[in-house]
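Descriptive structure summary
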Amino acid sequence: MAFLELKNVSKSFGTSSVLKDINLSIEKGEFVAIVGFSGAGKSTLINLITGLLKPDSGTATLNDLEITGPGPDRGVVFQNYSLLPWLSVFENILLAVDEVNRNWSPAKKREHVEKYIAMVNLTPARDKRPSELSGGMRQRVSVARALAMNPQILLLDEPLSALDALTRATLQDEISRIWQEDKKTVVMITNDPDEGIYLADRIIPLTAGPSATLGPSFVVKIPRPRDRKAINHDLHFKQLRRDVIEFMLNSRHDRHVSLTKKLVLPDIEPEDLSLPRSIVNRRTRPLRKSEIKEETVEVE
Amino acid sequence: MSDYCELSNLTKIYPTPKGPAIIVKDFNLRIKKGEFVTLIGHSGCGKSTVLSMLAGLNDITGGGIILAGRELSGAGPDRGVVFQSPSLLPWMTAFENVMLGVEQVFYTASKEERREIVEYYLTVVGLGDAMNKKPVELSQGMRQRVGIARAFALRPKMLLLDEPFGMLDSLTRFELQQVLIELWRKNKITALMVTHDVDEALFLSDRIVCMTDGPEAEVGDILEVHFPRPRERKAVMEHPDYYRLREHLIEFLEVHAHKHKRVPITPPENWPPDGTMFLTRPKPAAEPVTNQ
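This write-up is about the structure you can find in this document.

Basis of the calculations
One numbering rule holds for all chains: residues counted from 1, following each sequence as written. Note on labels: chains are lettered from A, ligands numbered from 1, in written order. Residues qualify for local features only when their pLDDT is at least 70, as the model is predicted, and side-chain atom pairs are given and counted only at 80 or more; totals for whole chains, interfaces and linings, by contrast, use all residues. The side-chain values count all of the structure's non-hydrogen atoms but skip hydrogen atoms and water molecules. Here a helix means four or more residues in a row that DSSP labels H or I, a strand means two or more in a row labelled E, and each is numbered from the N terminus. One less than the number of residues in a helix, times 1.5 Å, gives the span that helix is expected to have. Relative accessible area decides the class of each residue, using a 1.4 Å probe on protein chains only: under 20% of the type maximum gives buried, over 50% gives exposed, and in between gives partly exposed. Contacts are assigned to residue pairs with any non-hydrogen atoms lying within 4.5 Å of each other. Here, any two strands with at least 2 DSSP bridges between them count as paired. We define buried area as the total accessible area lost by two parts upon association, computed with a 1.4 Å probe and summed across both. The salt bridge criterion pairs a side-chain nitrogen of Lys or Arg with a carboxyl oxygen of Asp or Glu, the two atoms within 4 Å. Each polar contact in these results corresponds to two N or O atoms within 3.5 Å; when the atoms are within protein, one needs to be able to donate a hydrogen and the other to accept it, and residues that are neighboring in sequence are counted only if both atoms are side-chain atoms. Gly is placed with the polar residues, together with every amino acid not listed as nonpolar (Ala, Val, Leu, Ile, Met, Phe, Trp, Tyr, Cys and Pro) or charged (Asp, Glu, Lys and Arg). Angles shown run from 0 to 180 degrees and are taken between the N-to-C directions of axes, each axis being a line fitted to C-alpha atoms and, for helices, limited to the stretch in contact. Orientation categories follow fixed angle ranges, with anything under 35 degrees roughly parallel, anything over 145 roughly antiparallel, 65 to 115 roughly perpendicular, and all other angles oblique. Crossing handedness is defined as follows: a turn of the near helix away from the far one that is anticlockwise and smaller than a right angle gives a left-handed crossing, while the clockwise case is right-handed. By convention, a stacked pair of Phe, Tyr or Trp rings (six-membered ring in the case of Trp) has centres within 6.5 Å and planes under 30 degrees apart, an edge-to-face pair has planes over 60 apart, and any other such pair is tilted. By definition here, charges over rings are those cases where NZ of Lys or CZ of Arg is within 6 Å of the ring centre and within 35 degrees of the ring normal. A residue counts as positive if it is Lys or Arg and as negative if it is Asp or Glu; His and the chain ends are not included.

Regarding helix α4 (residues 140-153) of chain B
All names here are of chain B. Counted at 1.5 Å a residue, the expected span for α4 with its 14 residues is 20 Å, and the 20 Å between its end C-alpha atoms agrees. Burial analysis of α4 places 11 of its 14 residues in the buried class, the great majority of the element. Residues G141, Q144, R145, V146, G147, I148, A149, R150, A151, F152 and A153 constitute the buried set of α4. Contacts made by the buried residues of α4 are with β6 (79-82), α2 (94-105), α3 (111-124), β7 (158-162) and α5 (170-187).

Set out below in structure tokens:
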């Protein structure tokens, strides 16, 4: 049996069906990216794995044990960082370490926290509060906090969506480096196919909701470490990128209802508002395209 | 074809307590009629400043802009702007939001004609069945569709797009780019877009202007994009040049991400007008522009 397994999982809120017939199996040490539109139910899916939500039907198991609630065996990084604003970087991470390793000595805990702060390159900001940090730095704290619990699986719920393109690329590189160091099982939710391809071993698209379900797996065979520039020469990358984007866009097109209604666009030109209305008002109707040409001839 | 929009020696300087902050310096760009030009660069490089000066929403410190043979001063409906956040009036429906501008520029038209214009553009952007909804009832992507319809419905001489899809998820972004490019092609409108999304720039533009990092942003590199039109994403992505250009742009952005010029340079000689407010500083040696 796979390390993380979802079998025929469905979830509805009230009468609206969000997820339907989700089947997912992830092996130990794998980095899987789930790509989907916003509003498709990506966060619902990850919350079923974290145990913050329970499926209406079907089962979710981690390491052969059914997931019944949240636990420190699953580390989560949320899009909105979710740090405690009155605690420093060090204290935020210590909070998690304290909870998981109650019998450790204070010195051991401190050393452990500092190791993870260093891993995300935040040692200089060790004693700062979240409000003093940029978005990218806050998300690093969040990543360090999740990793410091030494979870069996790391769940990333759109971790980089709130960041600008440049910070995003830097953090992608960092996540990639950290993952290669300790090969933890990772499930990342993202809306960016490129992010998925750059980081993951396997990409699974989530179709557009309602009643979203998982599409076929796309295996990413690009060798690591990956280079954002060099992969543009990789034939496999180009093909994969095209297939994933096409699959995603088609899953949405199926949903659109084509509207057959005859549309009329009047063949009239806008008025120049910089001219006084008294001049324009000699005309009682707008100009048409054909009339404009005549005017140009007169001017020249 | 002759130049339709001309930005000459465009300069923007903000006075600060520490001396003048030069955001954009001697920026030159000529845009042909019907051309789609994109400015690409990192956040804070001054690309949005150039666009907002063209929109007339930001005063010009030096240089000037000519559009369709006339020098610009101030904002006007001859330039349609699509902002990063759609900036819709929350108490008005999608229809009313678009009608607001249409009423102004089509004041000589009949009520019926105005209604037809608004309905046409809202339907074309895919909101045929959501015209009477207020912004709160619409998703982020749908609001931005209203923003696009509003800009096109004015039939502006020029379309200005300021990171129009920056707040949307990448997949919704793909959909809206297709909506935008089809409308643009049908309307044959001259457009200037600002973005930091490489794929967006490649898919939409005829020409991509790379801007070096601010302060004192300037044109670093210009890329001609010759994918055949009308464009369809799959075909564009399979074009033999696509990934070569993509890599080139990514490299440009990476190089400039780490090259922040710290040395302030001399303001232009005629600024400030009295020449006494600020000390002059030595001008640094020009850095070579990386060109492939």
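Structural notes on the pairing of strand β3 (residues 31-35) of chain A
Consecutive side chains along a regular strand alternate between the two faces of the sheet. Residue and element names in this part refer to chain A. The buried fraction of β3 amounts to 5 of the 5 residues, a majority that puts the element mostly inside the structure. A two-sided burial pattern is seen for β3, the buried positions comprising F31, A33 and V35 on one face and V32 and I34 on the other. Bridge analysis of β3 against strand β8 (residues 185-190) gives 5 bridges, and the strand direction is parallel. Counted as the bridge partner of F31 is V186 from β8. Note: β3 against strand β9 (residues 202-205), 4 bridges, orientation parallel. The partner of V32 across the bridge, within β9, is R202.

Regarding the interface of chain A and chain B
If you look at the interface, chain A gives 46 residues, while chain B gives 41 residues. Between chain A and chain B, the buried area comes to about 4000 Å², and carbon and sulfur atoms account for 60% of it. Here chain A and chain B share 7 salt bridges between them. One salt bridge connects B:D199 with A:R241, and the closest N-O pair in it is separated by 2.7 Å. Remark: the boundary between chain A and chain B carries 13 residue pairs in polar contact (both at pLDDT 80 or more). When contributions to the side of chain A that touches chain B are tallied by element, the ones reaching two or more residues are α5 (165-182), α6 (193-199), α7 (235-253) and α8 (277-280) of chain A. The element that contributes the greatest number of residues to the side of chain A that touches chain B is α7(A), accounting for 9 residues. Looking at the side of chain A that touches chain B residue by residue, the classes come out as 19 nonpolar, 9 polar and 18 charged.

Side note on the packing of α4(B) against α5(B)
Residues and elements named next belong to chain B. Close contact between α4 and α5 brings their axes to 11 Å; oriented N to C, the two are set at 15 degrees. Viewed along their axes, α4 and α5 adopt a mutual orientation that is roughly parallel. The way α4 lies across α5 gives a crossing that is right-handed. Contacts from G141, Q144, R145, I148 and F152 in α4 reach T172, E175, L176, V179, L180, L183, W184 and N187 in α5.

So, α2(B)
The periodicity of an α-helix, 3.6 residues per turn, causes residues three or four places apart in sequence to face the same way. For α2(B), the full list of buried residues reads B:A94, B:F95, B:N97, B:V98, B:M99, B:V102 and B:V105. Close packing links the buried residues of α2(B) with α3 and α4 of chain B.

Section: the packing of aromatic side chains
Counted under the stated rule, the structure contains 7 aromatic pairs over all chains. Seen from their ring centres, A:F237 and B:Y243 are 5.8 Å apart, and the 75 degrees between their planes marks the pair as edge-to-face. Note that A:F237 is positioned in helix α7 and B:Y243 in helix α8 (residues 242-257), a pairing that runs across two chains. Across this residue pair, the class does not change: A:F237 and B:Y243 are buried. Look at B:F227 and B:Y242: their rings are 6.0 Å apart centre to centre, the planes differ by 35 degrees, and that puts the pair in the tilted class. Within this pair, whereas B:F227 is found in the loop between β10 (219-224) and α7 (233-238), its partner B:Y242 is found in helix α8, the two being separated by 15 residues in sequence. Ring pairs connect the aromatic residues A:F237, B:F227, B:Y242 and B:Y243, which therefore count as one cluster. Positioned above the aromatic ring of A:F90 is the side chain of A:R126, whose terminal nitrogen or guanidinium carbon lies 4.2 Å from the ring centre.

So, the sheet that holds β7(B)
Strand pairing in a sheet relies on backbone hydrogen bonds, with the paired strands running either antiparallel or parallel. Residue and element names in this part refer to chain B. On the basis of which strands lie adjacent, the open sheet formed by 6 strands has the order β6-β7-β8-β3-β9-β10 and mixed pairing. Two strands bound the open sheet, and with one partner strand each, they are β6 and β10. When strand polarity is set aside, the average angle formed by the axes of neighbouring strands in this sheet is 15 degrees. In this sheet, β10 lies alongside strand β9 (residues 207-211) in antiparallel orientation, the contact comprising 5 bridges. Opposite I208, over in β10, you have L223 as the bridge partner. Contacting β3 (36-40), β6, β7, β8 (190-195) and β9, helix α1 (residues 47-55) crosses the sheet at an angle of about 145 degrees to β7.

Overview of the packing of helix α2 (residues 89-100) of chain A against helix α4 (residues 135-148) of chain A
All names here are of chain A. The contact between α2 and α4 brings their axes to 8 Å, and the two run at 25 degrees. Between α2 and α4, the crossing angle belongs to the class labelled roughly parallel. Between α2 and α4 lies a crossing of right-handed hand. Across from V89, N92, I93, A96 and V97 in α2, the residues of α4 making contact are V141, A144, R145 and A148. Class assignment for the residues of the contact of α2 with α4 results in 7 nonpolar, 1 polar and 1 charged.

As for the side chain of A:K184
Residues and elements named next belong to chain A. Relative to the helices and strands, K184 is located in the loop between α5 and β8. The buried charged residue K184 lacks any salt bridge partner; its closest oppositely charged side chain belongs to D182, at an N-O distance of 4.6 Å. Polar contacts involving the side chain of K184 include one to the main-chain carbonyl oxygen of P151, which spans 3.1 Å. Contacts of K184, omitting those with residues within four sequence positions, involve G29, E30, L147, N150, P151, Q152 and W179.

Notes on the pairing of strand β1 (residues 3-16) of chain B
All names here are of chain B. Sheet analysis places β1 next to strand β2 (residues 19-32), joined by 10 bridges and oriented antiparallel. In the sheet register, D3 faces β2, and the bridge partner there is K32. Here β1 hands over to β2 after 2 residues, the two strands then running antiparallel side by side. Sheet analysis places β1 next to strand β4 (residues 62-67), joined by 5 bridges and oriented antiparallel. Paired with E6 across the strands is I66, a residue of β4.

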